[in-house]
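Here is how the chains run, residue by residue.
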Amino acid sequence: MDDFFADLKAIEICAGYGPAVVAGKVLADLGCRVTKVEPLGGDLLRVDPIDEGSSLSLFTLICGAKDSVFIEIGDRGEIGALERLLADADILVLDASAWQTLSSIIGSAPSIIDRYPSLTICVASYFGISGPLASWQGSEEIVQALSGVMSTTGQPGEPPVRIPGAMLTHGAAMCAVISILGDLVAKRRSGRGAFLDCGALLPAAAFLTAAYPVYLLSGEAPTGIGNRHAMSAPWNTFPCSDGWLVICAGNEPSWRRLCETIDRSDLLTDPRFSTADTRVANVDVLEAEIAMWTNSHTVAQAELLIGGNGTPCGAIVSLHEVIECPQFEARSLIRKSGDQAIAGPFFQRNVQSLPNRHERSLPERAARKTLSRLTDVQNHDAGSLGVHRPSPHGEHA
Amino acid sequence: VTLPLEGLRVLDLGISTAGPYAARFIADMGAEVIKVEPLDGENSRGLSLRFGGVGYLFHVNNYNKKSVALNVQSETGRKLFLELVAKSDAVIENFALGTMDRWGIGYEACRAANPSIVYGTAKGFGLNGPEAGKRAFDTVVQAMSGIMDMTGKLGDPPLKAGPSACDLMTAMATATAVMTGLVSRVEGESQLLDAALFDMGALSMLPFWPAACRGEGGIHSLGNAHPKHAPFGAYSCADGPVMVSVTTDEQWHALARLLGLPASWGRVERKKHEKNIEAALSVWLAKRTGWEAASLLQESKIPAAPVLDVAQAASAPQLESDRPLISIGHPIYGEMSLIRSPVVAAGDVGIRLQQPTLGEHNEEIIGGLLGYQEELPRLRSEGVIG
């Protein structure tokens, strides 16, 4: 089992933070030997000082489990080194810009796969490599804007708001990895890898499973509704004496438990709130009744009482608090490899044989392999390939 | 062309979004996915926003699948389910922690029935940690994973992402996890794959983790702006907003030429001069439509796009090759549009099977595959199948 991914070699060529670098991280977390090909000056994430003053480095978080070599893929003199890497690889994952450069030098996808039949090529990018927008520069925010995702976020009557972070980028990366893994199965039959053009617009549309039905049924494009739920109430953020609490009591059992907790069983018999539909229709009045109770409690008190009685609720937590919280640690969302902090896996994987049970967590396996991999590259592969492995600070080995 | 997972069988016990959507992606890749529903149907069939009397979410999440209506909480239903597990390659579920075990069909029961089973589970907080037993919906996890605190303008109340972001990312993570298991499957080894809404919410904020740990009060919401980059935001054009995000010197050099501002400004100086830059950019944008402005900026390699609503995104000629909707003619529900699959394979990952009616494949699966054809009337009368 462990050998399957440990035996796979992936090459990653991309700049900055996008679907390709995240797809490479998911493959590295699985135990694949992922080699990141960087320009001589180092990847954008290494050279941008945006992390200065932080205990965390974005480059290390996302690339810490990968090997790295410096090759200028636009330099024909260095293509020999890259070709040797490709000859030994199972997967090539790259962004659209890298693909444009690479294909202009070493040929089209079919010709590359003719030379390296076991290679799966995946362009994981924001706009793909065909279509009217193929030449566009993408980013998380640009795809949020173009896909309609941004238009569904915001307070009622106010302009669209972007969602911080990398939700769509991660979604596109996971769809790319699903596609890559599918091709690993397919080429067992065909003996030949495929070229997979994975853009981010369709993964972004996959995030609109609630918005598109509204549009398709009403003909009207939905807009932001704040923190409410279109079909359930009460479902919102509620003001407490020292902050905000999310309460989601959309179904009947939760609604009954909430009324019981806040000592308002009268609401259960109030005709304005007797059904899910009437609660949605009278949501302003309903929320005001609940807010009277939450306002007189702290977030911690309200969360303890409401959550303790089985109604889904949660405090609004800052990102720093999230990173410090026990759940974050328990899920190994940051793991240490030497003095490096690497982001944890997108999912946990436990493998068990019958009758003897053995469990190994993925982070431990990946970290062990990374150490041996670095030794390999520094002592052997780098020399034979004529390429270099940078130190964590971006210097040549 | 054969789809990658043809010949593999997956059981989908998912409800609502994370489980069923994950199973749909696996179905899109060619697996035979059997949706195991309670006798009154999986809950999304009954949600509002209905088409043909069925919640639209069900239609979206469940094409390319078969359906059996099986009461797994009955003793006979449990036994039949485990017989199905023995003939399958994977199970996907997203019930609250402990539910499947309470019904006697959790991971340990499944691996006893099939020692090679791939078992994918999606939970609010995963299988371990102090919050593992906490009841969670997407909005609760958005609050607890830092998304809501970071979304919206500074000083405004916290704001959630419009989509059920954590649910949907977890669907994708669960599908990726199950694919991992299926690809690496070895006879006699079972795999437990554990995805969590909390993990996906927290990981989605990864680009901001370094800033959150900078020790200067962390990081706070900035609306559409970026804490370190400028110009970065949604700016008004003649017909609506356009999103512009300049994050590299090369992009700034191109924009500076258009705006007549100093190209020499680095990232820190650009942030310092943010107001001046935005004023100049606003003048430049005001004369153009969103598409015109975005196209001109993109010609200079500057990331920009009009902010579209879903109606515009569904019909814009510029998005022709990434059209998000696909139309089908369903024999029961009629003509309708569904969201296209985001996964890619050498074969066609389109709609092979239309979304099933409840228990549509009872005869094929319970009667044919499990060999209980003669028993079907009795199983129906006993309330084991629908």
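Higher on the page you've got the structure.
Just so we're clear, the structure is a prediction, and the values are computed from it rather than from any experiment. (Residues numbered from 1 in each chain as written. Chains lettered and ligands numbered in written order. Predicted model: local features only at pLDDT ≥ 70, side-chain atom pairs only at ≥ 80, totals over all residues. Heavy atoms only, no water.)

## Examining helix H1 (residues 18-28) of chain B
Here H1 of chain B lies mainly inside the structure; 11 of its 11 residues are buried. Within H1 of chain B, the full set of buried residues consists of Ala18, Gly19, Pro20, Tyr21, Ala22, Ala23, Arg24, Phe25, Ile26, Ala27 and Asp28 of chain B. (Buried < 20%, exposed > 50% of the residue type's maximum accessible area, 1.4 Å probe, protein only. Helix = DSSP H or I, 4+ residues; strand = E, 2+ residues; numbered from the N terminus.)

## A short note on the pattern of salt bridges
Where charged atoms from two side chains of opposite charge approach closely, those side chains can pair. All chains considered together, the criterion is met by 39 salt bridges over all chains. Across the salt bridge formed by Lys66 of chain B and Glu32 of chain B, the nearest N and O atoms sit 2.8 Å from each other. Taken together, the residues span a long stretch of sequence, with Lys66 of chain B in strand S5 (residues 65-69) and Glu32 of chain B in strand S2 (residues 32-37) at a distance of 34 residues. When the shortest N-O distance is used, the salt bridge between Asp249 of chain B and Arg270 of chain B registers 2.9 Å. In this pair, Asp249 of chain B is assigned in helix H11 (residues 249-259) and Arg270 of chain B in helix H12 (residues 267-272), connecting sequence segments 21 residues apart. Three or more residues are tied together by salt bridges with common partners; here these are Glu12, Lys36, Asp43 and Lys66 of chain A. (Salt bridge = Lys/Arg side-chain N within 4 Å of Asp/Glu carboxyl O.)

## Some remarks on the environment of His170 of chain A
Examined against the element boundaries, His170 of chain A turns out to sit in helix H9 (residues 167-190). With relative accessibility at 0%, the residue His170 of chain A sits in the buried group. In this view, His170 of chain A contacts Tyr17, Val22 and Phe346 of chain A together with Leu203 and Ser204 of chain B; residues no more than four positions away in its chain are not counted. (Contact = heavy atoms within 4.5 Å.)

## Quick word on the packing of aromatic side chains
Residues and elements named next belong to chain A. Inspection of every chain in the model, using the stated rule, returns 13 aromatic pairs over all chains. Considering the side-chain rings of Phe4 and Phe5, the 4.9 Å spacing of their centres and the 90 degrees angle between planes classify their relative orientation as edge-to-face. By relative accessible area, which is 23% here, Phe4 ends up partly exposed. Residue classification places Phe5 among the buried positions, given a relative accessible area of 1%. With a centroid separation of 6.1 Å and an interplanar angle of 85 degrees, the aromatic rings of Phe127 and Trp136 are classed as edge-to-face. The class of Phe127 is buried, set by a relative accessible area of 5%. (Phe/Tyr/Trp six-rings, centres within 6.5 Å; stacked < 30°, edge-to-face > 60°.)

## Things to note about the interface of chain B and chain A
If you look at the interface, chain B gives 135 residues, while chain A gives 131 residues. With both sides pooled, the region where chain B packs onto chain A buries about 11,200 Å², and carbon together with sulfur makes up 69% of that total. A salt bridge links Arg331 of chain A to Asp194 of chain B; the nearest nitrogen and oxygen atoms lie 2.7 Å apart. Scanning the region where chain B abuts chain A turns up 32 residue pairs in polar contact (both at pLDDT 80 or more). With 11 residues, the top contributor of residues to the side of chain B that touches chain A is helix H8 (residues 165-183) of chain B. (Buried area = accessible area lost by both parts, 1.4 Å probe. Polar contact = N/O pair within 3.5 Å; in protein donor to acceptor, adjacent residues only side chain to side chain.)

## A few points about helix H3 (residues 75-86) of chain B
With 12 residues, H3 of chain B should reach 16 Å at 1.5 Å per residue; the first-to-last C-alpha distance of 17 Å fits that figure. Those residues of H3 of chain B that are buried are in contact with strand S1 (9-12), S2, strand S6 (90-93), helix H5 (107-113), helix H16 (362-369) and helix H17 (376-381) of chain B. (Expected span 1.5 Å × (residues − 1).)

## Description of the nonpolar core
Nonpolar side chains in soluble globular proteins generally cluster together in the buried interior. Of all hydrophobic cores here, the largest spans 200 residues; its most connected members are Leu146 and Tyr212 of chain A together with Ile26 and Trp209 of chain B. For Tyr212 of chain A, the residues in contact, after removing those within four places along its chain, are Ser147 and Ala205 of chain A together with Val310, Ala313, Ala314, Pro324, Leu325 and Ile339 of chain B. If you look at the next biggest cluster of nonpolar residues, it comprises 30 residues, including Leu11, Tyr107, Leu192 and Leu370 of chain B. (Core = buried A, V, L, I, M, F, W, Y, C linked by side-chain atoms within 4.5 Å.)

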